[in-house]
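# Report on the structure
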Amino acid sequence: MPQGRSDALGQLVAAVSSVESNVDIRSPLAAPDWVTGKPPPPLDRWHPEHCGDIGMEIRADGSWWHDGSQIRRGELVQLFASILRLEEDGEYYLVTPVEKVVVKVALHPLRVTDAEPLAGHSPEVLILTLNTGGQIPLDNRHTLTPEPRAADAAYITLDNGLTALFTRAAWYRLVEQADESGAIFSDGQRRPLLPEN
C-alpha cells in the first residue's frame with residue numbers, strides 16, 4: 001500500500017476515534033439509526049472539504065476494502081460505517097470533522113443479516129440486524145424495496161442515505177415467515193416481499 005494512503009487511513013481512524021460519544025442502551029425502535037449498535041457521530045454537523053480518494057471500496061458482497069486489501073477487523077468496519085454517508089452528488093463519503101474521502105460502493109454499503117420479532121412488543125415488529133452490529137425496525141421509516149440486481153431480495157433505507165441489502169440467508173428466513181400472499185406483518189402493516197402487480 002502506498003505510504004500516503006496508509007497515512008491517510010490512519011489519520012481518518014484517529015480523527016473518528018477522538019470523537020467522544022456517550023455509549024447508551026436504548027430501544028432499536030428509537031431514532032436516529034444506530035447502524036453499529038452505538039450512538040452515531042454528529043455527521044449532520046460535519047462539513048469538511050473533500051480530501052480525495054484513499055482507495056476505499058465496499059464490494060457487491062458487502063466486504064470493505066482499502067487499496068486492494070480486505071478490511072477484516074470488524075471494529076474498523078463498524079468505525080467506518082458509523083461515519084459513512086451518501087451526499088447529493090450520489091457519492092458515498094467517510095466524513096470526520098476535518099476530512100472527507102470518497103468510498104466506492106458497488107451495490108449497497110450495508111447488509112441485513114437477520115430478522116426477528118422484538119420480544120414483548122405489540123403489534124409485532126421485526127428487528128433487522130445489520131452486519132455492522134446495528135438493529136433497525138422494519139417500520140414505516142425502514143420499508144422494503146426490491147433489488148432487481150439481487151434476485152429481488154429487498155433492501156432498506158437508513159439515515160444518512162445509507163442502504164442495507166438482505167443477505168441471501170436473511171432473505172430466505174424472511175420469506176419463510178411470509179403468509180400465503182407472500183407478505184409479512186411488521187409494526188401493524190402488511191409488507192409484501194415481492195413487487196405486487
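Throughout what follows, the structure given in this document is the object of discussion.

Cut-off values and rules
Residues numbered from 1 in each chain as written. Predicted model: local features only at pLDDT ≥ 70, side-chain atom pairs only at ≥ 80, totals over all residues. Heavy atoms only, no water. Pairing = 2+ DSSP bridges. Helix = DSSP H or I, 4+ residues; strand = E, 2+ residues; numbered from the N terminus. Axes fitted to C-alpha atoms, helices over the stretch in contact; angles between N-to-C directions. Contact = heavy atoms within 4.5 Å. Polar contact = N/O pair within 3.5 Å; in protein donor to acceptor, adjacent residues only side chain to side chain. 1 Å grid on protein atoms, 1.4 Å probe; cavity = no way out; pocket = protein on both sides within 12 Å on 5 of 7 lines; lining within 4 Å. Points joined across faces, edges and corners; volume = space filled by probe spheres on them. Nonpolar A, V, L, I, M, F, W, Y, C, P; charged D, E, K, R; others polar. Buried < 20%, exposed > 50% of the residue type's maximum accessible area, 1.4 Å probe, protein only.

Our focus in this paragraph is the sheet that holds strand β7 (residues 110-117). Pairing is mixed in the open sheet, where 6 strands are placed in the order β9-β8-β7-β12-β11-β10. Of all the strands in the sheet, the pair left with one neighbour each is β9 (135-137) and β10 (145-147). Averaged over all neighbouring strand pairs, the angle between strand axes comes to 40°, with direction disregarded. Pairing of β10 with strand β11 (residues 153-157) involves 3 bridges; the strand directions are antiparallel. Across the sheet, proline 146 pairs through a bridge with alanine 154, a residue of β11. Where helix α3 (residues 168-176) meets the sheet, it contacts β7, β8 (126-130), β11 and β12 (163-166), and its direction lies at approximately 30° from that of β7.

Moving on, we come to the side chain of arginine 85. Note that arginine 85 resides in strand β4 (residues 84-86). Engagement of the side chain of arginine 85 in a polar contact is seen with the side chain of glutamate 87, the distance being 2.8 Å. The contacts of arginine 85, once residues within four sequence positions are left out, are Leu43, Asp44, Trp46, His47, Glu91, Tyr92, Tyr93, Val95, Asn160 and Leu162.

Counted as a void, the second largest pocket has a volume near 230 Å³. Considering the residues around the second largest pocket, the lining is formed by 13 residues, among which Ala150, Ala151, Ala153, Phe166 and Arg168 are closest to the centre. Elements with a minimum of two residues in the lining of the second largest pocket: β12 and α3. Counting residues per element, the lining of the second largest pocket draws most heavily on α3, which supplies 3 residues. Taken together, the residues of the lining of the second largest pocket sort by class into 9 nonpolar, 1 polar and 3 charged.

Right, let's get into unusual backbone geometry. The omega angle of the peptide bond from alanine 31 to proline 32 is 0°, so this bond is cis rather than trans. Along the chain, the position of proline 32 falls in the loop between α1 (3-17) and β1 (50-58). Here the phi dihedral of aspartate 152 falls at roughly 65°; this positive angle occurs in a residue that is not glycine. Tracing the backbone shows aspartate 152 in the loop between β10 and β11. By relative accessible area, aspartate 152 is classed as partly exposed at 28%. Unusually for a residue other than glycine, asparagine 160 sits at a positive phi of about 65°.

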